[in-house]
Each structure stands twice: as C-alpha cells, then as structure tokens.
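An overview of the molecular structure
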Amino acid sequence: MVAGPQLIRLAVFGQPVSQSLSPRIHRLFADQFSLPLEYRAIEARRETFENEVSKLAQGGGTGCNITLPFKHQAWELASRRSDDADRAEAVNTLHFRDDGWFGDNTDGGGLVGDLEKRRAVALRGSRICLLGAGGAARGVLAALLRRGPKEILIANRSADKAQAMARLNSDLGPVSATGLDRLRDAAPFDLVINATSLGHRGRAPELPASLFTDKTLCYDMNYGTAATPLARLCNERGIRYSDGLGMLVGQAALSFRLWTGESPDPAPVLAALREGG
Ligand code: NDP
C-alpha cells in the first residue's frame, strides 16, 4: 500500500490567540494542494512559551506562527534567522529544521506582495509615509526599502523610536523619521501606511490633508473592526484606502511556503475571508 502524504503539524502561539485567522487561512492553503494539515491555536504565557513550542517540535511539528506578545521571544529562540527578522528583532514564523530552528519575519513580504500584486502599487521611486514604529512597522521597513522607493518617512508618536528604526535601516535606502505630530509640513506621499494600533481603540491617526493627493493610497495594516476608523476617515475625505487583510494572507502564504515548499494562491483565501465577514 502506498502511504499518503504525512500530516503537517503547525500552530500559532499568542496571548490572546482565539481571534487568530491563521488556522483558517492555513487550512485553506493546505486544501489547494490536498495536504493533510493540523493547525492549532495555542494560548501561551511568557513563562510557558518556550516549553510549548518545544513540545510542538518534539511531537513532530513542522513549525509555527507567533503573534503578540511573543515575536521577540521567538526571535531569541531561533538559532538562525532571516535578515528581515534580525532587523525587526521579531520572528513571526519558526521552521523546525534538523540543524536548528529557523526564524523568519514574513510581514514585510506579505505587505509588499499585497501592495504590488493586488493593489498594483509601484513601490520603486515612490514616496512612502510609514505611521508607527512598533513591531509591525519594524517588520516591514526593510522589505519596503528593498523595493527601491525614493523616500520613506517614518512618523511615530514617540519620535525617538522612529529615529532608531531609521538609523538601523539606513544602509538599505533613503529613510528618515519624525514625530506623528510633525507631519503638517510634509509634502504629499504616494503611499501612507498605517502601522499604529490606534484602530483597536476605535481611533484613526490624525492625518493632515496635505499628505494626500487623489492618487495617494492609504494602506491600513489593520483589518476587521480595527480598520473601521481609518476606512471611514478616508471615505469622508475621498482618499483611496485598503485594509490589511491582504497583508495578513500574504504573510501567511510566505510562512506556508517556508514549511511546505508550496506557494499558495492568496486570492481565493482572501475572497473566502471577506465572504466570511
Ligand atoms: P505595537 O504595540 O508594537 O505598536 C503600536 C504602534 O502604535 C506604535 O507605533 C505606537 O506608538 C502607536 N500608538 C499606539 N497608541 C497610540 C496613540 N494613542 N497615538 C499614536 N500612536 C499610538 O503594535 P504592532 O506594531 O505589533 O501592531 C500595529 C498594528 O498593526 C496593530 O493594529 C496590528 O493589528 C496590525 N498588524 C497587522 C498585520 C497584518 O498582517 N495585517 C501584522 C502585524 C500587525 P509608540 O511607539 O509611540 O507607542
């Protein structure tokens, strides 16, 4: 008898984690290749995180995703890491390999793929404003700079964090930093990316109208209800807008490829998630 493909064991670790869309996304990816998949959502605590990940690896797991607040801890656990992960000091994907755990950060690739493929944004030569300097912004900056933009301005409530980020990545391209409250003097951008967590508090960042032309795309990394405040503001001001669900599916597709070698098509999965509300 010919044995079928082996069960692929994966999980996402977070706190909280029950809201994670990752189990659904990866099951839909696995269906595209008829691969048998077990993908669990595991709620961990700081003290138990490492032990829980080890249990998954020892139980024949292939790898895992990591979400808040464990991305930095996962970066520390990895024995080898991608450059994007090292620049962000954050890992969202671990791959358990025979020679150790490899850590990657696929957020940047997910964002760039969504912008270029789904939204047809030309990043080369563009002027980009990145709002925020938290884990999500740190995870995407290097990938954006590698696409050859004319300029990236990071604007964050705590300007010092934005400045540190700009310094760390200045070898990759033209990047500068300012305070979120200092954007009034900035010239219009081709792309404004919201990587703040304000949407989770029902708020949109305060954005001067001078940042936008009728061609500017405002890309919100938030999705679901957290995306509502900025979507509403853009709608009122006639600004082109996208939420970050495509980035979420895109970063998951890159993790899936790392674990299985297969490149899933994000488009039908994105459509299924939007239908599911
Ligand atoms: P962090 O907590 O690491 O960073 C939060 C950011 O928001 C910081 O820049 C912080 O500024 C800023 N911020 C928080 N409160 C305020 C405020 N009252 N006024 C102004 N700025 C504020 O979160 P992450 O970077 O991990 O996540 C950011 C967002 O991106 C989240 O909403 C998350 O859901 C989303 N995300 C989406 C992904 C996707 O795949 N679509 C992937 C990852 C994240 P300061 O530094 O001054 O505190």
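Placed above this text is the structure.
Calculation notes
Residues numbered from 1 in each chain as written. Predicted model: local features only at pLDDT ≥ 70, side-chain atom pairs only at ≥ 80, totals over all residues. Heavy atoms only, no water. Near = heavy atom within 4 Å. Polar contact = N/O pair within 3.5 Å; in protein donor to acceptor, adjacent residues only side chain to side chain. Areas by Shrake-Rupley, 256 points an atom, 1.4 Å probe, with all protein chains shown as cover. Helix = DSSP H or I, 4+ residues; strand = E, 2+ residues; numbered from the N terminus. Nonpolar A, V, L, I, M, F, W, Y, C, P; charged D, E, K, R; others polar. Pairing = 2+ DSSP bridges. Axes fitted to C-alpha atoms, helices over the stretch in contact; angles between N-to-C directions. Contact = heavy atoms within 4.5 Å. Core = buried A, V, L, I, M, F, W, Y, C linked by side-chain atoms within 4.5 Å. Buried < 20%, exposed > 50% of the residue type's maximum accessible area, 1.4 Å probe, protein only. Salt bridge = Lys/Arg side-chain N within 4 Å of Asp/Glu carboxyl O. Expected span 1.5 Å × (residues − 1). Phe/Tyr/Trp six-rings, centres within 6.5 Å; stacked < 30°, edge-to-face > 60°. Lys NZ or Arg CZ within 6 Å of the ring centre and 35° of its normal.

This next bit is on the site of the ligand. Not every one of the 23 residues close to the ligand is listed here, only the nearest: Ala 136, Asn 156, Ser 158, Lys 161 and Asn 222. At 2.9 Å from a nitrogen atom of the ligand is found a main-chain nitrogen or oxygen belonging to Met 221. When the free accessible area of the ligand is taken as 930 Å², the share hidden by the protein chains comes to 82%. When contributions to the shell around the ligand are tallied by element, the ones reaching two or more residues are helix 6 (135-146) and helix 9 (245-260). Looking at the shell around the ligand, its residues break down into 9 nonpolar, 10 polar and 4 charged.

Taken together, the 6 strands give an open sheet; going across it, the order is 9-8-7-10-11-12, and neighbouring strands pair in parallel fashion. Either end of the sheet is taken by a strand with one partner, and the two such strands are strand 9 (175-179) and strand 12 (240-242). When the angles between neighbouring strand axes are averaged without regard to direction, this sheet yields 20°. In this fold helix 5 (residues 107-118) packs onto strand 10 (191-194), strand 11 (217-220) and strand 12, with an angle of close to 140° to the strand it touches most, strand 11.

Grouped together as the largest cluster of nonpolar side chains are 27 residues, with contacts concentrated most on Leu 111, Leu 115, Leu 130, Leu 144, Ile 152 and Ile 193. Elements represented by at least two residues in this core include exactly helix 5, strand 7 (127-131), helix 6, strand 8 (151-156), helix 7 (159-169), strand 10 and strand 11. Top element by residues in this core is helix 6. It accounts for 6 residues. Not counting chain neighbours up to four residues away, the residues in contact with Leu 111 comprise Val 140, Leu 144, Ile 193, Tyr 219, Met 221 and Met 247. Residues Ala 204, Leu 207, Cys 218 and Ile 239 belong to the second largest nonpolar core, which totals 20 residues.

Below, the discussion takes up the pattern of salt bridges. The final tally for this structure, using the stated rule, is 15 salt bridges. When the shortest N-O distance is used, the salt bridge between Arg 40 and Glu 38 registers 4.0 Å. Since its relative accessible area comes to 42%, Arg 40 is described here as partly exposed. Accessibility expressed as a relative area gives 27% for Glu 38, which makes it partly exposed.

Now for the side chain of Thr 216. Here Thr 216 lies in the loop between strand 10 and strand 11. A distance of 2.6 Å separates a polar atom in the side chain of Thr 216 from the backbone oxygen of Phe 189. Of the polar contacts made by the side chain of Thr 216, one reaches the backbone nitrogen of Thr 213; its length is 2.8 Å. With sequence-adjacent residues up to four places away left out, Thr 216 is seen in contact with Phe 189, Asp 190, Leu 191, Val 192, Leu 211, Ile 239 and Arg 240.

In this fold, Arg 87 is placed in helix 4 (residues 83-88). What makes Arg 87 buried here is its relative accessible area of 14%. Separated by 3.4 Å, the side chains of Arg 87 and Asn 169 make a polar contact. The contact partners of Arg 87, leaving out residues within four places of it in the chain, are Ala 142, Arg 146, Leu 168, Asn 169, Asp 171 and Leu 172.

Strand order across the open sheet formed by 6 strands is 2-1-3-5-6-4, with mixed pairing between neighbours. Only two strands of the sheet have a single neighbouring strand rather than two, namely strand 2 (37-43) and strand 4 (80-81). Examined bridge by bridge, strand 1 (residues 8-14) and strand 3 (residues 63-66) share 4 bridges and lie parallel to one another. Its bridge partner being in strand 3, Ala 11 is matched across the sheet by Cys 64. In this fold helix 2 (residues 49-58) packs onto strand 1, strand 2, strand 3, strand 5 (93-97) and strand 6 (100-104), with an angle of close to 170° to the strand it touches most, strand 1. Against the sheet, helix 9 contacts strand 1, strand 2, strand 3, strand 5 and strand 6, and its axis sits at roughly 0° relative to strand 5.

Okay, the environment of Phe 212 next. One can find Phe 212 in the loop between strand 10 and strand 11. The buried category is assigned to Phe 212, whose relative accessible area is 11%. Ignoring any residue separated from it by four or fewer positions in sequence, one finds Phe 212 in contact with Pro 188, Val 192, Leu 207, Cys 218, Arg 237 and Ile 239.

This part is about helix 5. The end-to-end C-alpha distance of helix 5, which contains 12 residues, comes to 16 Å, matching closely the 16 Å that a straight helix rising 1.5 Å per residue would cover. Among the residues of helix 5, those classed as buried are Asp 107, Gly 108, Gly 110, Leu 111, Val 112, Gly 113, Asp 114 and Leu 115. Buried residues along helix 5 sit in contact with helix 3 (71-77), helix 6, strand 10, strand 11 and helix 9. Within two residues after helix 5, Ala 120 carries a phi angle of roughly 50°, on the positive side.

Further remarks concern the packing of aromatic side chains. The full count for this structure, using the stated rule, is 5 aromatic pairs. Between Phe 49 and Phe 70, the aromatic rings sit 4.7 Å apart at their centres with planes inclined by 10°, giving stacked as the arrangement. With Phe 49 in helix 2 and Phe 70 in the loop between strand 3 and helix 3, the pair connects residues that are 21 residues apart, well separated along the chain. The class of Phe 49 is buried, set by a relative accessible area of 0%. Judged by its relative accessible area of 0%, Phe 70 is buried. Joined through ring pairs, the aromatic side chains of Phe 13, Phe 49 and Phe 70 make up one cluster. Sitting above the plane of the Trp 75 ring, Arg 81 keeps its charged end 4.4 Å from the centroid.

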